[in-house]
Every structure is written in structure tokens, then in C-alpha cells.
Amino acid sequence: MFEMSNRNKRGDLIPNVKGLPKWLVYALLSLLWWGIFGFLGKIGSDRVSAAQMQIFLTIGALPLVLGCIIRLDFKIATHKLGVTYAILMGVFAALGLLAFFAAMKSGTASLVGPVTSLYPALTVALALIVLKEKVGKAQILGLILAIASIVILSL
Amino acid sequence: MAEWVTFSIAAVVCWGIMGLLQKLTTNYISADSVLIWDRVGYLVLLPWLLGTSHLNNMGPGDILIGTLDGIANGLGAWFLYASLENGAKASVAVPLTALYPLLTVLLAVLFLGEKPRPLQWLGIALAVVAGALMSREAPAAKHVDEKL
């Protein structure tokens, strides 16, 4: 399933971590943290409001931002259009999180988690309409399965 | 329609637009810079959230969970970018990380006592597979699907 690559984009050799390619370890860690994010989102949403969750989620992510700034040696991109899109992206991400926490408050994590993870369906559709991007067979199959799952979970 | 469905659809709409903006922004600036500037977008909403919320009813445990959730969210995005920088192909790493709801479901069943019905299990399985399939890179697209 996994294409083993031990070289980064610059062509540097990357050592394996306990027999696994480093990229795979990082990808699995990403999956792990996002899985925990969904779980903690449910626990938190049962206790406080969506807005309160969003306030502290924003604060919790700030150390990561600082880490990125240091990693870039304080040379952050300032391309006007790129920055505008990125900030707008953050606004929509945060609004989505507010809705996500509200959904978690009234629903179960085992349903809200999978349903909200279907957002690429809209991205694929928008990319098709706005950016005139090609849609692959896998994405079309994904769209069909996404619609089927929403219908089933709404029953 | 159940309340959770309405809010979930609202989240899907917002994150769907976010995905499009992500495709657009990565044409101009690096992934690291996107991670910084998109968090500025989060901060834009902060005054409104603080103005409409009372924080005095929150205990240390509530604050801790919200903050940890932010850390988990940020680390998820950071590790995906790190994976891509260390030789991962987006067409493999992004769909792989899109399977994260499986872990959320597992944790919810194990620790929160949630018990989806058999038909709901089918819907969950379809949703997870659909998410992974749709996160695959389209033929001409070279982007990273960040969750948040």
C-alpha cells in the first residue's frame, strides 16, 4: 500500500525509524493526533460551549505557530494574495470548528467525526467548478460513497 | 433533521471552502507560512468569541481540555506537513491521515460508551473510506489537504 521513499524533496537520504520510513511515522502521528483531537472535542463540547472550546483551541495552537516561525527563521512569506487566502482559510477553518463543536455537543463522536470528515466532497466540487480541476476516478467513487454514508447516517 | 446533522453540514461547508482556499494559497506561499497565516485567521474571530462568551463558568479542567484539543489539532497538521517534507507522496499520506475518524470512533466507543447501531457502523465505514478516497490527489492537483 505504501510507496517507500527514503529521500526528501531535496534528494537527501532520510534514515528509517525502527524499520519504518520516516514519512510513514509522521503520517501515522498526524492520524493519531487528529483522532485524539476529535475525541477531546467531544469531551470538551459536552462540558462547555462551542465558542469556549474554540477560544482555548486557538490558544492551544499558538505554540505550534511559534515553532513554525522559528523553523522559518522568522522569514515568513508575505505574498499579499497568498496571505489573504491563508487568513481567509483560517477564518473558514475556525467557523467550521465552531459548527463541529456544536455538532459534537448534540451528537455522538462516532457519527459526527466521520460525517464532518466528508468535507473534501465540497472541496472536490468547488475545485471542479472554480479551478476547473480534473476529478479522478477515486474521487468520484469517494463522492458516491460520501452521499451514501450521509443518507444512511441520517436515517 | 437532527441538530447534529445540521451543524455537521455547516462544518462540512466551511471546511470545504477552507480546502479550496488551501489549494489557492499554496500556489503562492509555503506550507509552513500557511500554517502561520491561517492561525491568524483563527485569531480574527477571537474578539467576537470573547465578546459573546462568558469564561467565568469554566473550570481548569475545561480550559485544559480545550487547550489540549488545540495542541492535538495543530500537531496533526504539523506531522502531515513533516511527512510530506520527508518523502511522502501527497496521494498516499493525505488519504492515510484522512482515516483519523476511525481512531475518534474507536476512542468514543471504548471510553465514552457510544454504541452505534449496525446500520450506523455501515455509514461510518462508508464515510471513512469516502474521506480517504476524496483526499487522493487529483491528476493535476498538487496540494495538501489540511484538516483544520
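Quick caveat: nothing in here was measured; it's all calculated off a predicted structure.

**Q** Before we move on, could you go through the overall build of chain A and cite the residues and values that matter?
**A** Scanning chain A from terminus to terminus reveals seven helices and zero strands. When the helices and strands of chain A are listed from N to C terminus, the series reads α-α-α-α-α-α-α. Within chain A, the proportion of its 155 residues that are buried is 52%. Sequence-distant contacts in chain A: of pairs separated by 6 or more residues, those separated by 24 or more amount to 50%.

**Q** Mind laying out the packing of aromatic side chains, listing which residues take part and the relevant values?
**A** Aromatic ring pairs are described here by two measures, namely the spacing of the ring centres and the angle between the planes. For the coordinates displayed, the defined rule picks out nine aromatic pairs over all chains. Taken together, the ring pairs in this structure connect Phe37, Phe100, Phe101 and Tyr119 of chain A together with Trp15 of chain B into an aromatic cluster. One Lys or Arg, Arg39 of chain B, reaches over the ring of Tyr42 of chain B and ends 4.7 Å from the middle of that ring.

**Q** Quick rundown of the interface of chain B and chain A? Include the residues and the values.
**A** With 111 residues of chain B at the contact, the number on the chain A side is 113 residues. Roughly 10,600 Å² is buried in total at the junction of chain B and chain A, and carbon and sulfur atoms are behind 78% of that figure. Where chain B touches chain A, the interface holds three salt bridges. Linking chain B with chain A are 17 residue pairs in polar contact (both at pLDDT 80 or more). Those elements that provide at least two residues to the side of chain B that touches chain A are helix H1 (3–25), helix H2 (31–52), helix H3 (60–85), helix H4 (90–97), helix H5 (100–111) and helix H6 (118–134) of chain B.

Reading the values: rules and limits
Residues numbered from 1 in each chain as written. Chains lettered and ligands numbered in written order. Predicted model: local features only at pLDDT ≥ 70, side-chain atom pairs only at ≥ 80, totals over all residues. Heavy atoms only, no water. Helix = DSSP H or I, 4+ residues; strand = E, 2+ residues; numbered from the N terminus. Buried < 20%, exposed > 50% of the residue type's maximum accessible area, 1.4 Å probe, protein only. Contact = heavy atoms within 4.5 Å. Phe/Tyr/Trp six-rings, centres within 6.5 Å; stacked < 30°, edge-to-face > 60°. Lys NZ or Arg CZ within 6 Å of the ring centre and 35° of its normal. Buried area = accessible area lost by both parts, 1.4 Å probe. Salt bridge = Lys/Arg side-chain N within 4 Å of Asp/Glu carboxyl O. Polar contact = N/O pair within 3.5 Å; in protein donor to acceptor, adjacent residues only side chain to side chain.

So yeah, pure geometry; function would need other evidence.
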